[in-house]
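Residue-level structure breakdown
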Amino acid sequence: MILFVLVVVIILLIVIVTAYIDWFFPTPSPVEFAKSMVNSTGGV
Amino acid sequence: MSITYAVQKAVGVFVQNPLMVLGSICVDLGALVFFGFLSAPVYDKLTEHGIIIGTLISQKVQSARGKSVLSMLFEFDTLGYVSQLVVLLGLLLFILYVVFVVSQSITLLLAKRAGGEKAMLSVEIRSIALKSVFWSLVLAVLYGIYVLVDIRALVLHKLFPQETGTGIVHVLPFVTGLFVLIAAHHLVGGRKEWFWRQRKMFVMSCALLVAVFFVTNSLLRVLNAVSFELMMFGGIFVVFPLLVVVRLFLREVVKSNGIYS
């Protein structure tokens, strides 16, 4: 019984992590990233 | 027990248990779709991280000469993305592991019960989960070697475009294939003693599986040449039932000497 509960909990955790992946692994938006690149290279 | 008897027994069980066959196909197909849904956002994130790291590194290469790409990966602004990339790769492997363990436990349980054996789902999950830890590590090491070989080939091709690949490129698929065959026998219940005592049976079983894989692959290629939809249709209606027969066959093969789990 404990094993089945463990499997269900693991699957639920995976579903939650993949559904909210932007929250767990944040990346800048393309516009923000392009702005930071332009700033770091001095406009080139 | 001979190979022909194992084939006859597997086909017999397959024909006599249409509900088991349908259940196994549904579980295999469901696992594939479920893995697709779960892995798609992770693949997207991996691509995003790859693009960001690639852009940052190419910018660094232009400004800092004499530094290796490896050292640039561990600099302050790239390290965060690189560590996230490693965690994402681990997450992808973990999703594959969980989906594989759950789906294969259920299908092996169905195969064992259809073959007249007593089996419990909790025992199957525990057994496949433990065995899969070892094979996941082997898979990770092989994948790492593939990546290193690819990078080496890329660098060599840039430096010496006229040179062709080295031997390791041709050997790796055979090594991977051998590991897959051993893992397939091990996961359905083959024990260490069985591999040694029944080596003739193991070799014949592997030869038959390779031949079946070769014929199926050729058939799908022919269907793909006609149309992609036909290949998809043929893939679902040929490959999934074939997986059920192969599972039943492997179970009969590992049961041949009474040494199985």
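What this report covers is the structure whose coordinates are included nearby.

What counts, and at which threshold
Residues numbered from 1 in each chain as written. Chains lettered and ligands numbered in written order. Predicted model: local features only at pLDDT ≥ 70, side-chain atom pairs only at ≥ 80, totals over all residues. Heavy atoms only, no water. 1 Å grid on protein atoms, 1.4 Å probe; cavity = no way out; pocket = protein on both sides within 12 Å on 5 of 7 lines; lining within 4 Å. Points joined across faces, edges and corners; volume = space filled by probe spheres on them. Helix = DSSP H or I, 4+ residues; strand = E, 2+ residues; numbered from the N terminus. Nonpolar A, V, L, I, M, F, W, Y, C, P; charged D, E, K, R; others polar. Patch = residues over 30% accessible without salt bridge, like charges linked within 9 Å, V, L, I, M, F, W, Y side chains within 5 Å. Areas by Shrake-Rupley, 256 points an atom, 1.4 Å probe, with all protein chains shown as cover. Salt bridge = Lys/Arg side-chain N within 4 Å of Asp/Glu carboxyl O. Buried < 20%, exposed > 50% of the residue type's maximum accessible area, 1.4 Å probe, protein only. Contact = heavy atoms within 4.5 Å. Buried area = accessible area lost by both parts, 1.4 Å probe. Polar contact = N/O pair within 3.5 Å; in protein donor to acceptor, adjacent residues only side chain to side chain.

Residues and elements named next belong to chain B. Considering only enclosed or pocket space, the largest pocket measures out at about 1,900 Å³ in volume. Phe100, Gln104, Val180, Ala184 and Leu243 are the residues nearest the centre of the largest pocket, which is lined by 48 residues in total. For the lining of the largest pocket, the secondary-structure elements that each account for two or more residues are helix H2 (18-63), helix H4 (76-114), helix H5 (121-159), helix H6 (167-187), helix H8 (199-226) and helix H9 (228-254). The leading source of residues in the lining of the largest pocket is H6, at eleven residues. Residues of the lining of the largest pocket, tallied by class, amount to 37 nonpolar, nine polar and two charged. If you add up the space inside the second largest pocket, you get close to 540 Å³. Lining of the second largest pocket is provided by 15 residues; of these, Leu89, Leu92, Tyr143, Gly144 and Val147 occupy positions nearest its centre. At the level of secondary structure, the elements contributing two or more residues to the lining of the second largest pocket comprise H2, H4 and H5. Element by element, the count of residues in the lining of the second largest pocket is highest for H5, at seven residues.

Residues and elements named next belong to chain A. On the surface, a nonpolar cluster with roughly 690 Å² of combined accessible area is contributed by Val8, Leu12, Ile16, Tyr20, Trp23 and Phe24. Among the elements that make up the nonpolar patch, the one with the highest residue count is helix H1 (residues 2-19) (three residues). Inspection of the secondary structure assignment puts Val8 in helix H1.

Another aspect to go through is the pattern of salt bridges. All names here are of chain B. Using the criterion set out here, one finds eight salt bridges over all chains in the structure. The partner of Asp28 in a salt bridge is Arg247, with the nearest N and O atoms 3.1 Å apart. Taken together, the residues span a long stretch of sequence, with Asp28 in helix H2 and Arg247 in helix H9 at a distance of 219 residues. By relative accessible area, Asp28 is classed as buried at 8%. Between Glu48 and Lys45 there is a salt bridge, with the nearest N and O atoms lying 3.2 Å from each other. Pair noted here: Glu48 and Lys45 are both in helix H2, with a separation of three residues, about one helical turn. The class of Glu48 is partly exposed, set by a relative accessible area of 32%. Judged by relative accessible area, Lys45 falls into the buried class, the value being 2%. Bridged by salt links that share partners, the residues Lys9, Glu117, Arg251, Glu252 and Lys255 form one connected network.

Our next topic: the interface of chain A and chain B. Taken together, the contact pairs 19 residues of chain A with 24 residues of chain B. Interface area for chain A against chain B, summed over the two sides, is near 1,900 Å², with a carbon-plus-sulfur share of 83%. Applying the counting rule to chain A against chain B returns one salt bridge. Between B:Lys45 and A:Asp22 there is a salt bridge whose closest N-O contact spans 2.8 Å. At the boundary of chain A with chain B, the tally comes to four residue pairs in polar contact (both at pLDDT 80 or more). Looking at the side of chain A that touches chain B, the elements that each hand over two or more residues are H1, helix H2 (21-24) and helix H3 (30-41) of chain A. Broken down by element, the side of chain A that touches chain B gets its largest block of residues, nine residues, from H1(A). Residues of the side of chain A that touches chain B, tallied by class, amount to 14 nonpolar, four polar and one charged.

As far as function goes, none of this settles anything; it's purely spatial.
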